[in-house]
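Structure at a glance
These are the residues of each chain, in order.
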Amino acid sequence: MSARSARRVRPTLRLRLTLLNGVLLVGAGAILVLLAWLLVRDALRPTDELLPGTTVVLTDGRTLDAGQWQRQLVDAASQELLVKGLLALVAISVVGVAGAYLVAGRALRPLHQVTATARRLGEATLDERIGWSGADDEVAELAETFDAMLDRISGAFEAQKRFVANASHELRTPLAVMRTEIDVTLSDDDADLAEYRRMAGVVRDASERANGLVDALLVLARSEAQTGRRLARRAESDLAIGTANALSAVSREVERIGLKVHTSLRPAPVVGDPGLLDRLAGNLVENAVRYNHLHGRIWIRTGTDGERSWLVVGNTGFEVAPADVPGLFEPFRRGGQERTGARGSGLGLSIVRAVSDAHGGTVKAVAQPGGGLEVTVTLPSDGPGRRPPDRRPGPSGR
């Protein structure tokens, strides 16, 4: 027997509900008929109170012993009750089963709509919804839940499309720059060594940008793949050490711009992937330097209360509207705008959020009055086993 035939003969939910209702209805009717039969037999005992040998005279003139007359009366009443009761039971059962079949079909109709919608779903039909408008019952709750799931899936698809489009744009830009520089230089018959050196420098910068973007995409994918799962690597780390290393890596840029750095790096132990945690600290520090202004300020704090550890990185810079702050954690968003052409790939805070989620932590950003941003990352000190309470770590010193 094929799989399709097996599915065809399998009892459906509608059939099972109908059979259950029929069994209950027939069983209850049979019990009622049996009880009525017993009650009638017990009630038709008029001669029990008469003296032995008492006779009765029937309308046709016959004389019968009272006991014999009683037996005939009980037998006739019982037989009539059983015949009519069974006929009524059959009629009620047929009507009840048919009604149950119709009611079950009507009640399960939204499930068929859910199934049909799910079968039609595709990338081009994610805008379809059930839109159930019937009674506010469990079926309506299922339909609403299914519609909400479709909303989330549709949003995820749209976000994925934007991500792919932005990633393609970001990768295409340095490649186009390299190709243009190479083509222009090679087509110039008078190009000298200095021109080729200039072209090589431009190509190198563009290749470094493309390589940095690819590295950032790999880190983002690696972080998001571990969100909600067990980390591939778990080791004891300290956010303070990772932050100090990140500051050392950008020290020349800090001196060139003339930034004032205020630090309070107290031990902030966490358990997790050391590479991802170092990347988290590095991205926050690099963003604080990259999006600052000349002679601006950076303030960095780390610490722990035993249950959670935190890293706070703040900086002066251009003004960020509070409404744009949530968008900063989306890929390829810089300062609340998509692909503005600013330095960097626009993946820094996206990676920070992904790493934080992978370690069971939280991250939030606050726009600073007069410009700049302060980002706070809070992670469990004992790893991603539980999510820490949403409390800010101490006073906001700047």
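The sections below set out a description of the structure shown in this document. (Residues numbered from 1 in each chain as written. Predicted model: local features only at pLDDT ≥ 70, side-chain atom pairs only at ≥ 80, totals over all residues. Heavy atoms only, no water.)

Mapping His295 onto the fold places it in the loop between helix 9 (274–290) and strand 6 (297–304). Classification of His295 by relative accessible area gives exposed; the value is 58%. As a C-alpha pair, His295 and Leu259 span 36 residues in sequence and 4.7 Å in three-dimensional space. With sequence-adjacent residues up to four places away left out, His295 is seen in contact with Ile257, Gly258 and Leu259. (Helix = DSSP H or I, 4+ residues; strand = E, 2+ residues; numbered from the N terminus. Buried < 20%, exposed > 50% of the residue type's maximum accessible area, 1.4 Å probe, protein only. Contact = heavy atoms within 4.5 Å.)

Bringing a negative patch on the surface into the picture now. On the surface, Asp136, Asp137, Glu138, Glu141 and Glu144 cluster together into a patch of negative charge. Note that Glu138 resides in helix 5 (residues 138–187). (Patch = residues over 30% accessible without salt bridge, like charges linked within 9 Å, V, L, I, M, F, W, Y side chains within 5 Å. Areas by Shrake-Rupley, 256 points an atom, 1.4 Å probe, with all protein chains shown as cover. Salt bridge = Lys/Arg side-chain N within 4 Å of Asp/Glu carboxyl O. Lys, Arg positive; Asp, Glu negative; His and termini not counted. Charge placed at Lys NZ, Arg CZ, Asp CG, Glu CD.)

Reading across the sheet, the 5 strands line up as 4-6-7-11-10 and stay open at both edges, with mixed pairing between neighbours. A single partner strand is all that each edge strand has here, and the edge strands are strand 4 (260–265) and strand 10 (362–367). The mean inter-strand angle of the sheet, taken between neighbouring strand axes irrespective of direction, is 10°. (Pairing = 2+ DSSP bridges. Axes fitted to C-alpha atoms, helices over the stretch in contact; angles between N-to-C directions.)

Turning our attention to helix 7 (residues 239–249). Of the positions making up helix 7, those classed as buried are Leu239, Ala240, Gly242, Thr243, Ala246 and Leu247. Buried residues of helix 7 fall within an arc of 165° about the axis and therefore sit on the same side. Across from the buried face of helix 7, at angles greater than 90 degrees, the exposed residues are Ile241, Ser248 and Ala249. Among the residues of helix 7, the N-terminal cap falls to Asp238, whose side-chain oxygen and the backbone nitrogen of Ala240 are separated by 2.9 Å. (Arc of directions from axis to C-beta. Polar contact = N/O pair within 3.5 Å; in protein donor to acceptor, adjacent residues only side chain to side chain.)

Quick look at the nonpolar core now. Core analysis: the biggest nonpolar cluster contains 36 residues, and Leu284, Leu311, Leu349, Val375 and Val377 have the highest contact counts within it. Sorting elements by how many residues they give to this core places helix 9 first, with 8 residues. In this structure Leu284 touches Leu311, Val313, Leu349, Val352, Val375 and Val377, once residues within four positions along its chain are discounted. Grouped together as the second largest cluster of nonpolar side chains are 5 residues, Val114, Ile130, Ala143 and Leu150 included. (Core = buried A, V, L, I, M, F, W, Y, C linked by side-chain atoms within 4.5 Å.)

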